[in-house]
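Analysis of the macromolecular model
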Amino acid sequence: MDTEIKQQFDEIGVEPSEAVLDKCMELAITYSIEDATEFVEQWMAFSLSHLHGEDPTPENLGEFERKVLQLKKDKVGFKTSTQKTYSPAPVVAPSSLSTYGVIEDDPMTYDYGIESLTDSSMMHTPKSKKDPSRSSALKGGVLFSPASYTPQSAKRTPAAGTRTPSTTTVAGRPGDIVDTFGHPKLLAGTTWQAKLEHSLPVSQRLLHQEAPLTLSNLGYMNDLLSDKCDNLYDRLEETGRALVKKKLGVEGAAECSWYPQDGQTLQALHMLYAVGMIHSEDDGPLDAHSAFLAVTDGEESSFLDLNFTRIKSASIFPGQVVLAKGFIPKGNSFVVEEIHTERKLTPPSPLKVDRELQFVVAAGPYTHSTDLFYDPLHDLLKYLKDHRPDVLVLVGPFVDADHKLVAEMAETFDSFFEKMISGIMDVVGGHTTVLMISSQKDAMSHTVYPTPPPALRKTYPNLHLLPDPSMVDLDGITLGVTSTDVVDHLLSHEFAANAGERMHRAINHLFNQGSFYPMYPPGDENMSYDTQLALKYAQLRQLPNVLLLPGDQRHFIRLVSDCLVINPGRLSDKKGGTFARFLVAPTAPTTTGKAASLFNSVACQIQRI
């Protein structure tokens, strides 16, 4: 388990010493903690609330033991000794047809001032009195529960943390802060509520012929093999030139020997440079023996088997354009001594905000894998009613096509999605700018990447449906976002040796390859990747101020090349869903005249739902 604990610390940017790991193992064994993620998250919560985010040491781990672990153990022991056993009350089976807006009593209905629709003669928990002072945000029924042909969707998933034979115990409680980043003064002074109530102007930045990707200009299923080869060659040429310019410069490149032009005339041990694209022999994850380099001189291509026995560090993935230095002892074997993957990046534009802006970010799925009640989304809307942000970013999937109950819905996907948006907008109101990012995993979306947003019959002035990926300007803040789990795809397919922290590697891959999805072929065999659309609408030519990369990897917050990168986690997750909230404040002028670090202008937290 010590390896798992070390990996969890590595993912949050902490390098524990051997003494710290030994102490962690001692505590985990003593207090029967078998989940490394649970242990590290409990430590992080304690460190943020008591130690101002200090790294673990044997001394403060002792304090953590006294104030958290021992106290929790004493409470559990007390509850066990005084607890009585009760027989569970009989459960009334739900109706065989669960219709939109007609389900069993739900405390959420009272939060919105909605009266129960169940027969008063039925057995149920006594109703609490409705507060007449609270206005009805949503009228006519429960927010999100589609019509269904089967009773399965009417079986509610137990609340997070509830012990049942089929559920995983969630570490932590709803509302817990599990990750924090930013300037301490901003974190201490914020109330996490918008100070002014007005929507922000939204301007899309990923354009082709001055237009974003929409259903009206979408064209796919005509991505011919010859077109794919041409597009990959164009990317190889463009990125390759940038890598050579960064590492060697124009004059230095002219003095080097290059493969394949000079490969046949040189001695076997003479150093060669080669620009090419990394591929895997079986189109699967890379290892030290399966990688080869595709090199072209403009007329024909050649392939070099890569030998990494002499390399000190490397991080490569399928589809990556690299500058390699090495030699060819014989045949097509290329012994790599150096691999260069960095280009000169175009930094983010300076912040131009004149007031503090509050953001909330959540990523789907928005309902549990066992029902369609959308309880996590209900909980998020409760939070939004109390904390009115300036901007709400919701990332798909919203109606996950892979959900086992979606096929049993008795209404169209488009109709249900329209009702979902109506419910969200009724709660959010007209002053919060809402960005909804499409996903090719949505049942109502086109299954192609890049993915256009779906069309709505009803429009809202403060709602913006955006494609995947998207780059938008929000009143002086550039925000990039994708619903595709590119970080997980990269990390699961890369070959890395002495290459640094995993999340930084993945983020830098996106930046240096200049793409929201630089892998080829895609890491998901079910992903319909269109090279022509990606060339038009998935380029990352300039870094945004904030980049949102939601996915299945553990939530994280990183500042990379002065770009704030956030994975808010999934709103619905077996170990407890999470979302992100962050603020951006006006940048104070520096005495040197240089642009101030973004760290001084942001505060960000990941919170359990």
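The text that follows walks through the structure, step by step, so that each part is easy to find. Positions within a chain are numbered from 1, following the residues in the order the chain's sequence is written. Predicted model: local features are reported for residues with pLDDT of at least 70 only, side-chain atom pairs are reported and counted for 80 or more only, and whole-chain, interface and lining totals are derived from all residues. Note that water and hydrogens are dropped before the side-chain values are worked out from all heavy atoms of the structure.

What follows deals with the sheet that holds strand β2 (residues 202-204). Two strands pair under a simple rule: DSSP has to find at least two bridges between them. Helix and strand assignments follow DSSP, with helices taken as H or I runs no shorter than four residues and strands as E runs no shorter than two, numbered in order from the N terminus. Across the sheet, which stays open at both edges, the 6 strands sit in the order β2-β13-β14-β16-β18-β17 with mixed pairing between neighbours. Only two strands of the sheet have a single partner each, and these edge strands are β2 and β17 (556-560). Pairs of neighbouring strands in the sheet enclose a mean axial angle of 25°, with direction left out of account. Where strand β13 (residues 470-474) and strand β14 (residues 477-481) come together, 5 bridges link them in antiparallel fashion. Within the sheet, the bridge partner assigned to Met471 lies in β14 and is Gly480. Axes here mean lines fitted to C-alpha atoms, for a helix over just the part in contact, with angles spanning 0 to 180 degrees between N-to-C directions.

Any Lys or Arg side-chain nitrogen found within 4 Å of a carboxyl oxygen on Asp or Glu counts as a salt bridge. As enumerated under the stated definition, the model contains 18 salt bridges in all. Arg355 is the salt-bridge partner of Asp390, the closest N and O atoms lying 3.3 Å from each other. Of the two residues, Asp390 sits in the loop between α9 (375-386) and β10 (391-395) while Arg355 sits in the loop between β8 (333-340) and β9 (357-363), which places them 35 residues apart along the sequence. The buried label goes to any residue with under 20% of its type's maximum accessible area, the exposed label to any with over 50%, and the partly exposed label to all in between, with areas taken from a 1.4 Å probe on protein chains only. Looking at Arg355, the relative accessible area reads 13%, which means it is buried.

As a further point, take the sheet that holds β9. Sheet architecture is open: 7 strands sit in the order β1-β20-β19-β9-β10-β11-β12, paired in mixed fashion. Every other strand in the sheet has two partners, leaving β1 (177-182) and β12 (463-466) as the edge strands with one partner each. Direction aside, the axes of adjacent strands within the sheet are offset by 15° on average. The pairing of strand β19 (residues 578-584) with strand β20 (residues 602-608) spans 7 bridges and is classified as antiparallel. Along β20, the bridge assignment pairs Val584 with Val602. Sitting on the sheet, helix α3 (residues 36-50) touches β1 and β20, and the angle it makes with β1 is about 50°. Any two residues whose heavy atoms approach within 4.5 Å are treated as being in contact.

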